[in-house]
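Structural characterization, general
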Amino acid sequence: MIIASHTAGAVYDINIFGLSVTFLLVALAAILTVVMRLGMAKSMIWSTLRSLLQLLAMGYIIKYVIEANNPWIVLALMVFMVIAAVQITLTRADGIPRGLVMPVLLTLMVSVLIVDSVVSELIIAPSPWYAPQILIPVTGMMLGNLVAAIAVAMSRFFSDMKAREYEVEVYLSMGATPFEAAKPSIIASAKLGLIPTIAQLASSGIVLIPGMMAGQIMAGGDPLEAAKYQFVVLAALSSITIIGDTLIMILIYRRCFTELDQFEPHTV
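A brief structural summary. Because the structure is a prediction, the values reported are computed rather than measured.

What follows covers the packing of aromatic side chains. Applying the stated criterion across every chain yields a total of four aromatic pairs. Ring geometry for Trp129 versus Tyr130: centroids 5.4 Å apart, planes at 85°, classification edge-to-face. Classification of Tyr130 as buried rests on a relative accessible area of 14%. Taking the centre distance of 5.2 Å and the plane angle of 75° together, the rings of Phe157 and Phe158 count as edge-to-face.

Structure below.
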């Protein structure tokens, strides 16, 4: 069990001046994009402003949930986060057919339930079990990683199936099942969704100090405890990514085939 310890350390609050300076850095970057004619200045400014508003709003919400300390409010917020993650996933995925809301929702719910149960209840083991300061951030980190991985995996799967149209037809003509015909695309898609997480897991600690660990240290936490928490989170992220990619592939690969196991490239 990981037990958080609070060591004596300075806590440096970020005031309005600090936030304003941060915006100046973004403005400088936006100016550089104009000079280089990248066409991204407006989207950079807008994304930065939206990020600040969303983060502050979530901060106030989590503060209220922590103070309320009610399991039903915690669960309601988690459900809302999952539903929002479904919409974001479908928006990020390119070239996917319609009607994938339920497969994505089921994938997110099952994946988060499995990993949250292990990380929050078995490894960290907070008291009470629904401790919002643990459960909500863990769920948010899991969903954030999973949304990106699933969106990439789905986009790659459907584009790959379309590119392999004749190969798939040959597989089927030789007696292969739809799963066997789709298997190369499933494997390629799952690998693509997992690569960024594995790379982050391998490079953490020496090449970079991940956000969670850096945040705890900057907030005055014990660096050793921060390192333990970060390792647990990174390992959990790699697990939830492969779980999510596997589930979504199982749930969507049949969309490329008819009830008679015929390939339908126009649906891809």
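Let us keep going from here.
The final tally for this structure, using the stated rule, is four salt bridges. Its salt-bridge partner being Glu167, residue Arg164 comes within 3.2 Å of it at the nearest N-O pair. Since its relative accessible area comes to 37%, Glu167 is described here as partly exposed. Taking the shortest distance from any N to any O, the salt bridge between Glu225 and Lys228 comes out at 3.5 Å.

This part takes up unusual backbone geometry. Note that the residue after Ser127, namely Pro128, is joined by a cis bond; omega there is 0°. Residues other than glycine seldom take positive phi values, yet Arg37 does so here, at roughly 55°. Looking at where Arg37 falls in the secondary structure, it is placed in the loop between helix H1 (16-35) and helix H2 (41-68). Even without being a glycine, Asp261 presents a positive backbone phi close to 65°. Locating Asp261 in the fold gives a position in the segment after helix H9 (223-252). Taking the relative accessible area as the measure of exposure, Asp261 reaches 34% and is therefore partly exposed.

So, about the nonpolar core. Counting 55 residues, the largest nonpolar core has Leu108, Met142, Met154, Phe157, Met161, Ile252 and Phe257 as its most contacted members. If you list the elements that add at least two residues to this core, you get H2, helix H3 (71-92), helix H4 (101-124), helix H5 (132-163), helix H6 (165-173), helix H7 (178-203) and H9. The element contributing the most residues to this core is H5, with 15 residues. Ignoring any residue separated from it by four or fewer positions in sequence, one finds Leu108 in contact with Val82, Ala85, Val86, Thr89, Leu143, Leu146 and Ile150.

Parameters at a glance
- All chains use their own residue numbering, which begins from 1 and follows the written sequence.
- For a predicted model such as this one, the threshold for reporting local features is a pLDDT of at least 70, and the threshold for listing and counting side-chain atom pairs is 80 or more; totals across whole chains, interfaces and linings nevertheless cover every residue.
- In computing side-chain properties, one takes all heavy atoms of the structure into account and sets aside hydrogens as well as water.
- Between rings of Phe, Tyr and Trp, where Trp is taken as its six-membered ring, a pair exists when centres lie within 6.5 Å; planes separated by under 30 degrees are stacked, by over 60 edge-to-face, and by other angles tilted.
- Each residue is placed in one exposure class: buried if its accessible area under a 1.4 Å probe, protein chains only, is under 20% of its type's maximum, exposed if it is over 50%, and partly exposed if it falls in between.
- Here, a salt bridge means any side-chain nitrogen of Lys or Arg that lies within 4 Å of a carboxyl oxygen of Asp or Glu.
- Strands here mean DSSP runs of E at least two residues long; helices mean DSSP runs of H or I at least four residues long; both are numbered from the N terminus.
- Only buried residues count toward a nonpolar core, which is a set of Ala, Val, Leu, Ile, Met, Phe, Trp, Tyr and Cys residues joined through side-chain atoms within 4.5 Å.
- Should any heavy atoms of two residues lie within 4.5 Å, those residues are counted as being in contact.

In short, shape yes, function no, at least from these values alone.
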